[in-house]
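Remarks on the overall topology
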Amino acid sequence: MRFSLVDRIVELNPGQSITAQKTLKGDENYLQDHFPNFACMPGVLMLEAIYQAGCWLLRETDGFSRPIVMMKEARNVKYGNFVGPGQTLEVTHQITKESACNLTQIKGPGTVNGKPAVSGILLLEQFRLEKKLAAAAATDQVARKYYMAEFKRIKS
């Protein structure tokens, strides 16, 4: 992943919750522009970090059988603090609702040193590409292997 915004999974309870971390390094490309003389993680990447944490929770819950996870909706997203170089964004999510049509609602904060940095409610859809595009069946297998290897790397 070009922008892997989860460095480490601290705790994971399949079907229930996840705690993941992203430590912001000073040499990350986007920090050069955001903002000059006050480097901080852009809000959209903070949202991406909470989305990625939710993806890991869903993938591990179903044994990576549906490797593709799409964010369908983000609600009540709030930003409370900056994440600067050397700081760690810790994301804690809980599954709050599941539906029969592969939709899962997750909710939780992202904090820095215990202070709120970002929070929101995300609606995620999990699926196999072959269900939406028959020609993409091979892609599902490639994605599954890739995500399983990435998961092993970041799971502590």
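Quick look at the structure, then. (Residues numbered from 1 in each chain as written. Predicted model: local features only at pLDDT ≥ 70, side-chain atom pairs only at ≥ 80, totals over all residues. Heavy atoms only, no water.)

Here the focus is helix α3 (residues 137–154). Over its 18 residues, α3 runs 26 Å from end to end, which matches the ideal 26 Å to within 8%, given 1.5 Å per residue. By the burial criterion, the buried members of α3 are Asp140, Ala143, Tyr147, Glu150, Phe151 and Ile154. One face of α3 carries all of its buried residues, which in axial projection span an arc of 100°. Among the exposed residues of α3, those oriented more than 90 degrees off its buried face are Ala138, Gln141, Val142, Lys145 and Lys152. (Helix = DSSP H or I, 4+ residues; strand = E, 2+ residues; numbered from the N terminus. Expected span 1.5 Å × (residues − 1). Buried < 20%, exposed > 50% of the residue type's maximum accessible area, 1.4 Å probe, protein only. Arc of directions from axis to C-beta.)

Attention now goes to helix α1 (residues 43–61). In a regular helix each residue adds 1.5 Å, so 19 residues correspond to 27 Å; α1 covers 28 Å between its end C-alpha atoms and thus fits that length. For α1, the tally of buried residues reaches 14 of 19 residues, placing the bulk of the element in the interior.

At a minimum axis separation of 11 Å, α1 and α3 run at an interaxial angle of 110°. One finds that α1 runs roughly perpendicular with respect to α3. The hand of the α1/α3 crossing is left-handed. On the side of α1, the interface is formed by Trp56, Arg59 and Glu60, while α3 contributes Tyr147, Glu150, Phe151 and Ile154. Residue classes in the contact of α1 with α3 are distributed as 4 nonpolar, no polar and 3 charged. (Axes fitted to C-alpha atoms, helices over the stretch in contact; angles between N-to-C directions. Parallel < 35°, antiparallel > 145°, perpendicular 65-115°, else oblique. Left-handed = near helix turned anticlockwise from the far one by under 90°. Contact = heavy atoms within 4.5 Å. Nonpolar A, V, L, I, M, F, W, Y, C, P; charged D, E, K, R; others polar.)

Remember that the coordinates give geometry; whether it matters functionally is a separate question.
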